[in-house]
Amino acid sequence: MKYDHDEIIEHYRLMLVIRRFEDVLDQLFGEGVIVGTSHFCAGQEACAVGAVAALRPSDLVSSNHRGHGHFLAKGGEPRRLMAELFGKATGYAGGRGGSQHMAEFSLGFLGTHGITGGMIPVATGAALSQKLLNTGNVVLCFFGDGATGSGAFHEAVNMGAIWELPIVYFCENNLYAMSMPVAEAFKVTSIAERAAAYGLPGVVVDGNDYFAVREATGEAAEHARSAHGPTLVEAHTYRHYGHSKSDDCGYRSAEEEAAWRARDPLKLMRERLIAEGSLTEAAAEALAQEAEQIIADAIEFARNSPDPDPETLCDGVFADFD
Amino acid sequence: MKYDHDEIIEHYRLMLVIRRFEDVLDQLFGEGVIVGTSHFCAGQEACAVGAVAALRPSDLVSSNHRGHGHFLAKGGEPRRLMAELFGKATGYAGGRGGSQHMAEFSLGFLGTHGITGGMIPVATGAALSQKLLNTGNVVLCFFGDGATGSGAFHEAVNMGAIWELPIVYFCENNLYAMSMPVAEAFKVTSIAERAAAYGLPGVVVDGNDYFAVREATGEAAEHARSAHGPTLVEAHTYRHYGHSKSDDCGYRSAEEEAAWRARDPLKLMRERLIAEGSLTEAAAEALAQEAEQIIADAIEFARNSPDPDPETLCDGVFADFD
Amino acid sequence: MRETYFSHAIRETLAEEMARDERVIMLGEDIAEYGGAFKITAGFAERFGKERVRNTPIAEGGFTGVAIGAALTGLRPVVEMMFMDFITLALDQLINHAAKFRYQYGEQARVPLVVRCPAGAGRSYGPTHSQSLERHLVATPGLVVVAPSTAHDAKGLLKSAIRCDDPVIFIESKVLYGRRGDVPEGDYTVPLGEAKVVRDGEDCTIVAYSRMTEESLRAAEALAAKSVSCEVIDLRTLAPMDTETVAESVRKTGRVVVTEEGPLTGGIGAEVVARVVESCFDYLQAPPQRVAASDTPVPASRVLEEAAIPSARQIAEAVVRSIRAG
Amino acid sequence: MRETYFSHAIRETLAEEMARDERVIMLGEDIAEYGGAFKITAGFAERFGKERVRNTPIAEGGFTGVAIGAALTGLRPVVEMMFMDFITLALDQLINHAAKFRYQYGEQARVPLVVRCPAGAGRSYGPTHSQSLERHLVATPGLVVVAPSTAHDAKGLLKSAIRCDDPVIFIESKVLYGRRGDVPEGDYTVPLGEAKVVRDGEDCTIVAYSRMTEESLRAAEALAAKSVSCEVIDLRTLAPMDTETVAESVRKTGRVVVTEEGPLTGGIGAEVVARVVESCFDYLQAPPQRVAASDTPVPASRVLEEAAIPSARQIAEAVVRSIRAG
Ligand SMILES: Cc1ncc(C[n+]2csc(CCOP(=O)(O)OP(=O)(O)O)c2C)c(N)n1
Ligand SMILES: Cc1ncc(C[n+]2csc(CCOP(=O)(O)OP(=O)(O)O)c2C)c(N)n1
Ligand SMILES: [Mg+2]
Ligand SMILES: [Mg+2]
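So, how was this worked out
Residues numbered from 1 in each chain as written. Chains lettered and ligands numbered in written order. Predicted model: local features only at pLDDT ≥ 70, side-chain atom pairs only at ≥ 80, totals over all residues. Heavy atoms only, no water. Helix = DSSP H or I, 4+ residues; strand = E, 2+ residues; numbered from the N terminus. Rg over C-alpha atoms; globule rule 2.2 N^0.38 Å. Areas by Shrake-Rupley, 256 points an atom, 1.4 Å probe, with all protein chains shown as cover. Lys, Arg positive; Asp, Glu negative; His and termini not counted. Charge placed at Lys NZ, Arg CZ, Asp CG, Glu CD. Buried < 20%, exposed > 50% of the residue type's maximum accessible area, 1.4 Å probe, protein only. 1 Å grid on protein atoms, 1.4 Å probe; cavity = no way out; pocket = protein on both sides within 12 Å on 5 of 7 lines; lining within 4 Å. Points joined across faces, edges and corners; volume = space filled by probe spheres on them. Pairing = 2+ DSSP bridges. Axes fitted to C-alpha atoms, helices over the stretch in contact; angles between N-to-C directions. Contact = heavy atoms within 4.5 Å. Donors = N, O, S within 2.8 Å, 3.2 Å for Na, K, Ca; no water. Buried area = accessible area lost by both parts, 1.4 Å probe. Salt bridge = Lys/Arg side-chain N within 4 Å of Asp/Glu carboxyl O. Nonpolar A, V, L, I, M, F, W, Y, C, P; charged D, E, K, R; others polar. Near = heavy atom within 4 Å. Polar contact = N/O pair within 3.5 Å; in protein donor to acceptor, adjacent residues only side chain to side chain. Right-handed = clockwise from strand over helix to strand, strands pointing away. Domains from an automatic or database assignment. Expected span 1.5 Å × (residues − 1). Bend = angle between axes of the 7 residues up to and from the residue. Parallel < 35°, antiparallel > 145°, perpendicular 65-115°, else oblique. Left-handed = near helix turned anticlockwise from the far one by under 90°.

This part covers the overall build of chain A. The helix and strand tally for chain A stands at 11 helices and 7 strands. Computed over C-alpha atoms, the radius of gyration of chain A comes to 19 Å, within 12% of the 20 Å expected from 2.2 N^0.38 for 322 residues, which places it in the range of a compact globule. Seen along its three principal axes, the alpha-carbon backbone of chain A occupies a region of about 60 × 50 × 40 Å. Carbon and sulfur atoms provide 50% of the accessible area of chain A, an area that totals close to 10400 Å². Placing the 25 positive and 45 negative side-chain charges of chain A at their respective mean positions leaves the two points 2 Å apart.

Encoded structure:
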């Protein structure tokens, strides 16, 4: 294996943590403990963890509405993420943002956001900063297949291309935008094909395979870092849950779901690591329990955290006018 | 010749009229007779006239900021167009719109418009009407190279493609968007290449050759009419004047300008028609004088037309609330 | 009369109008088989076909523009803007195209378009899924803006909106979706451009629309117990605004409180206040009061969201302030 | 002190700020070699290089978003929106991104962005090239909106805007570009958020900004000849608004006329009136008056455009109406 063993195990554990985080959230929503909405990334963990694994810690990540995995992969603490979902003062956005609006710049995490496609220009601007400030960092910009229909995608990717910015456009193609199948939203069969319209390389990768994702993203990141400009990476993947907590997935067939569950990224990774001898069944079980513990602790933390103080409602709208 | 002789001569005359219209406008602006702004299409007459020649009279045309030629080609009267530029009550928009905001639906002319790219979705919607109302008509949607950078282009062309709407996306690539060379705005060398991103055919055509434009547009229109969806036609052309009346074209080289003037669409057409024996020098001269007369008459009409009545300022904001 | 949900009243209206007029079509994200984020159009694709109930890609500016073009050329499109927050992406098409076409192209141009906008807070959806952005539409000459507060009016106003030859922004409070009210079966319209006195009173006029009408009635109820009599006006149409109904009431009560779910600055309340002082200054016994959301984004956390959005209590307090003031 | 054009004051400021701070960059259509549609940045590309003076494709939403992202991560971008009319295309990035980032992401997030907007009518450019769209920005919590009326303030306010850590919309009247005024050489700032009394008076307060300040002063001049003394306030910053300076004046004069170049409904005037009645109702001797453009798109024809846009005459008439009223 060309990667560090401990790191790989750590990343596998991270994927377990993300999965557990999402599974538990689904329960908490069901029980009414959490209100609002959330978009679960269970099934797409290899994209988040595999792609971020290809970065340096000082690189930046921008996310979208389905961002818990991206944030945890970039070093977000499950406790503060969970607290945000509970709407608590200790959450990453102090309860103001909820699932779709949280960031932690010290980790290089530029934020989840609720406007589909809206962060693609913002991430492109972050890449412009990296270039002009000569940081040597690259930006990894996550978005879904649906977002590629937006004008924001088109305008931003074009600027990333002509200015040869250090950014990787990473499309998690999970076959649907909400209920809209990719084939209904676009006439092209592959989103990576669209890269050509911007004069960019486009690559397709198995988004459920941590190693494949890491490999492809690593190449794209080095391409970007060495001033060759962006790449459009299209990762094929699938979400286990519905679009958001209120979706029953009536638009997907049972066969399709089963086929993708059979290619669950956690299962694939576990099987591979065990086959390679990097992991034992017992160690895998222990990691799963660790993940459970981490999430249980996060819930505990969130539950015991204070609500934001309503007196702070109007604070911080401006940096210079408070 | 596969086209009707009289029609071809008529179209050549139309191109002369458009040229004269623009040349005279330039003078009128210079003299301060006309205020506001205008974008002249001199040099691009073969696009307007050649493309519209490929349509049926009941087909629709949508335009942009550089729309005098499109409007005249679709049957607009020079008098009322000129009156609009004079800001007169007899103009197509009663003086309210000026160069960039006039339409005549009875002619199937959906309008010039001042927002670059903004009419592409609107034209796509008109194509949706044609499809759902089974009119058998197609929409010809004109825009420039610069407009293809806009999100509106991306979003609309994608919808035109997936819904297989009867529309021809006609890009007049005149090498610049204002001062921005195509090669600086896009990494791809040809705009037609971008069609592939939408699963559409893209064709490149010599935009200074009336016959080539008519041929390509005709094929695209029949493709659209027979429910096969849109085509992206890219016509290479060049504007003789600056972007708008205030532009000195400092960004273009004298050689480039000379090379394109040598391929002036009027010159090309005249030479071809004379070579083919369809036109004599004398007849060509007579047509040019006719064009001059038509424009002189239009100016006379505009000059003698009344100003709009300021009392009407607030009329017609709504259809149902006046 | 039958009691039904606000959301069902809208669904029923859309279905009736689609059945009545072939030119009525729908465009929006996930509106076909899925029935839309709020299930308003559930069953429509099966009934009316996917040609007329059209799923769009995620392209709010684009599909609003497409609807505008379709409206100009013979169809009567109804767009579903999944959340009103996304209308920001369509503002160029609405402000620079739909709103201007009739004025600039003249009588030949009509834009019989309805843009349905689920709006407002109260569900802890956070800053980009909770806004009340009607201010941007009301401030644009050429757009009609409608915001019903009851299931009855939702049906009658939506019928009028669909039959109107101007572009109409139709605001649907997400919280009101779950309210029930009496709704006649079959065809009826509520005229656009007319406010309604929904409660008679003598001491103070409360002007509201959409969900805040409910809160205002609640405030009026509470104040009635303290012998303060409030007249409540539901604007129903925000643009063009029915200033006369408001003015008539204020001339009687001498006091006015205006409330809305959007932030204070630059809101609908400012316009109402400006019109009230212009039209009935001499009748005013106290300064008009605005009760609006905080001048902040809408926070997600329930405690913060509740603090941000006005409620009956704040409306009642404003009435009391007004009465104490003079 | 030196007299210079309003447009030159802006150019000079941009150049000085780019020289002072490497993080200041510019983005916009045709701003490099071409110098922008109004030639404000002529020579900048040569002087500062095309890395920092960046021509963009026609993609207002996209490049505004790019600027926002760059601002979040260490640069201080100045965007040129060729015509303010095109800001409609960037409203999602401004309303749902720039304006919310600090509030939702907390203190770590700053958006030191300036969006320069040549605005207003008077050139017969027609409906899509003549608008005053500040209403949309002022009504959005989290945005700073600035609109200078003199070359002096243009320089001082633009310096403050560039040095501000919040997103600032900077409105430049296209007509004012051609005005000359005294402008100190070198560095000075005019603080954001402070209105200015530009003429003292006793009988009526006129509140204005941008080009309407000039018209208001002209009206005040004309009225002085008839022994009516007007106090003229130039708001300068529209958001956050300096209500106190206005209120102080109105408490003295008892009358207020508010004027703006945008249409009446939903404009800045409504907000000013609402604040005035809230803060100095008891001092008002007459109903506040708004003088604004017609509730129409801006027509191209000179006669219509002149009829649509307010002028000194209408402002003076409003003052007289106010004085007659009480
Ligand atoms: C501008 C905008 N339009 C619509 C939505 C509603 N919405 C949220 S996520 C989503 C689907 C996004 O699909 P995709 O980009 O494929 O991401 P996925 O959810 O599949 O991960 C939609 C329509 C939104 N949040 N923002
Ligand atoms: C949304 C918008 N952005 C910018 C402009 C200013 N503008 C008008 S035309 C133009 C260039 C358009 O270039 P292109 O599409 O190639 O058409 P051409 O002028 O070359 O015919 C620009 C930048 C505008 N009118 N609308
Ligand atoms: Mg998807
Ligand atoms: Mg061009």
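What follows deals with the overall build of chain C. Assigned secondary structure in chain C consists of 11 helices and 14 strands. Here the C-alpha atoms of chain C give a radius of gyration of 19 Å, agreeing with the 20 Å that 2.2 N^0.38 yields for 326 residues. Each principal axis of the C-alpha distribution contributes one length, and for chain C these read about 60 × 40 × 40 Å. A buried classification covers 74% of the 326 residues belonging to chain C. When the 37 basic and 45 acidic side-chain charges of chain C are each reduced to a single mean position, those positions are 2 Å apart.

In this section: empty space enclosed by the protein. To find leftover empty space, one rolls a probe the size of a water molecule over the atoms. Throughout the structure, instances matching the rule amount to 11 cavities of 30 Å³ or more. The calculated volume of the largest cavity comes to roughly 430 Å³. Lining the largest cavity are 34 residues, with G151(A), E155(A), E155(B), L89(C) and L89(D) sitting closest to its centre. Mapped by element, the contributors of at least two residues to the lining of the largest cavity are α6 (151-162) of chain A, α6 (151-162) of chain B, α3 (60-72) and α4 (91-105) of chain C together with α3 (60-72) and α4 (91-105) of chain D.

Turning our eyes to something else, we now look at the sheet that holds strand β1 (residues 60-62) of chain A. All names here are of chain A. Read from one edge to the other, the open sheet built from 5 strands follows the order β1-β2-β3-β7-β6, with strand pairing classed as parallel. Each having just a single partner strand, β1 and β6 (202-206) make up the two edges of the open sheet. The average undirected angle you get between the axes of adjacent strands in this sheet is 20 degrees. Here β1 pairs with strand β2 (residues 139-144) via 3 bridges, running parallel. By the bridge assignment, S62 is partnered in β2 with C141. Its contacts with the sheet place helix α2 (residues 45-53) against β1, β2, β3 (167-173) and β7 (231-236), and it is angled at close to 165 degrees to β2.

This part covers the coordination of the magnesium ion (ligand 3). Residue and element names in this part refer to chain A. Distances from the magnesium ion (ligand 3) to its protein donors, D145 (OD), N174 (OD1) and Y176 (O), fall at 2.0 to 2.2 Å. Donor residues for the magnesium ion (ligand 3) sit on one chain with the sequence pattern D-x28-N-x1-Y. Residue classification places Y176 among the buried residues on the basis of a relative accessible area of 8%.

Glancing now at unusual backbone geometry. The omega torsion across A239(C) and P240(C) is -10 degrees, close enough to zero to call that bond cis. Structurally, the position occupied by P240(C) is in the loop between β12 (237-239) and α8 (243-253). Here E164(A), not a glycine, exhibits a phi torsion of approximately 50 degrees, which is positive. Among the secondary structure elements, E164(A) is positioned in the loop between α6 and β3.

Residues and elements named next belong to chain B. Coordination sphere of the magnesium ion (ligand 4), protein contribution only: D145 (OD), N174 (OD1) and Y176 (O), at 2.0 to 2.1 Å. Donor residues for the magnesium ion (ligand 4), ordered by position in the chain, follow D-x28-N-x1-Y. Here D145, found in the loop between β2 (139-144) and α6, pairs with Y176, found in strand β4 (residues 176-177); they are 31 residues apart in sequence, far enough to count as distant. Comparing D145 with Y176 shows no difference in burial state: the two are buried.

Right, let's get into the sheet that holds strand β9 (residues 196-199) of chain D. All names here are of chain D. One open sheet accounts for 5 strands, arranged β9-β11-β10-β13-β14; its pairing is mixed. Looking at which strands have only one partner, the edges of the open sheet turn out to be β9 and β14 (289-293). Strand-to-strand, the axes of this sheet are offset by a mean angle of 25 degrees, without reference to chain direction. Where helix α8 (residues 243-253) meets the sheet, its contacts fall on β9, β10 (204-208), β11 (230-234) and β13 (256-263), and the angle it forms with β11 comes to roughly 175 degrees.

Bringing the interface of chain A and chain D into the picture now. Contacts between the two partners involve 40 residues from chain A and, on the opposite side, 43 residues from chain D. Summed over both sides, the interface of chain A with chain D buries roughly 3300 Å², with 66% coming from carbon and sulfur. Looking only at chain A, the three residues that lose the most surface to chain D are F105(A), F318(A) and F321(A), adding up to 17% of its buried area. Counting the contacts that link chain A with chain D gives 0 salt bridges. Within the residue set of the side of chain A that touches chain D, elements represented by two or more residues are α5 (119-132) and α6 of chain A. Of all the elements, α5(A) adds the most residues to the side of chain A that touches chain D, at 11 residues. Taken together, the residues that form the side of chain A that touches chain D break down as 22 nonpolar, 12 polar and 6 charged.

Once that is clear, we can look at the site of ligand 1. Every one of the 21 residues lining ligand 1 counts as a neighbour, but H65(A), R66(A), G114(A), G146(A) and E60(C) are closest to it. Side-chain polar atom of H65(A) to an oxygen atom of ligand 1: 2.7 Å apart, as the coordinates give it. The separation between an oxygen atom of ligand 1 and a polar main-chain atom of G146(A) is 2.8 Å. For the shell around ligand 1, the residue count by class is 9 nonpolar, 8 polar and 4 charged.

Let us look at the pairing of strand β7 (residues 168-173) of chain D. Residue and element names in this part refer to chain D. Here β7 lies mainly inside the structure; 6 of its 6 residues are buried. Side-chain alternation along β7 places V168, F170 and E172 on one buried face and I169, I171 and S173 on a second face that is also buried. When strand β5 (residues 114-119) meets β7, the two strands line up parallel, connected through 6 bridges. Bridging from a neighbouring strand, A119 pairs with S173 of β7. Where strand β6 (residues 144-146) and β7 come together, 3 bridges link them in parallel fashion. Counterpart to V144 in the pairing with β7 is V168. Note that the unit made of β6, helix α6 (residues 151-163) and β7 has a crossover that is right-handed.

A few words now on the interface of chain C and chain B. Each side of the interface is counted separately: chain C has 44 residues, and chain B has 40 residues. Around 3300 Å² of area is buried between chain C and chain B when both sides are counted, 66% of it from carbon and sulfur atoms. There are 0 salt bridges connecting chain C and chain B. On the surface where chain C and chain B come into contact, there are 17 residue pairs in polar contact (both at pLDDT 80 or more). Elements with a contribution of two residues or more to the side of chain C that touches chain B: β2 (24-28), β3 (53-55), α3 and α4 of chain C.

Interfaces are frequently sized by the accessible area removed from exposure as the parts join. Residues and elements named next belong to chain C. Each assigned domain of chain C is listed here: domain 1 (2-183) and domain 2 (196-325). Put simply, the middle of domain 1 and the middle of domain 2, counted by C-alpha atoms, are 26 Å apart. With 26 residues of domain 1 at the interface, the matching set in domain 2 holds 27 residues. Of the roughly 2100 Å² buried at the junction of domain 1 and domain 2 (both faces included), carbon and sulfur atoms supply 52%.

Turning our attention to the site of ligand 2. Around ligand 2 sit 21 residues, and of these H65(B), R66(B), G114(B), G146(B) and E60(D) come closest. Lying at an intersection of chains, ligand 2 is approached by residues of chains B and D. H65(B) has a polar side-chain atom sitting 2.7 Å from an oxygen atom of ligand 2. Note that a nitrogen atom of ligand 2 is positioned 2.8 Å from one of the backbone N or O atoms of G114(B). Burial of ligand 2 by the protein amounts to 98% of the accessible area it has alone, namely 580 Å². A breakdown of the residues in the shell around ligand 2 according to their chemical character gives 9 nonpolar, 8 polar and 4 charged.

All names here are of chain D. Between the first and last C-alpha of α4 there are 20 Å, a value that for 15 residues agrees with the 21 Å anticipated at 1.5 Å per step. Where α4 bends most, the angle comes to about 30 degrees, and this point is A99. With respect to burial, α4 is a largely interior element, 15 of its 15 residues being buried. Positive phi shows up at G106, right after α4, with a value of about 85 degrees.

Two elements in contact, helix α5 (residues 119-132) of chain B and α4(C), have axes separated by 11 Å at closest approach and are oriented at 70 degrees. Regarding the angle of α5(B) to α4(C), the classification is roughly perpendicular. Handedness of the α5(B)/α4(C) crossing: right-handed. From α5(B), M119(B), P121(B) and V122(B) reach across to α4(C), where they touch Q93(C), H97(C), F101(C) and Y105(C).

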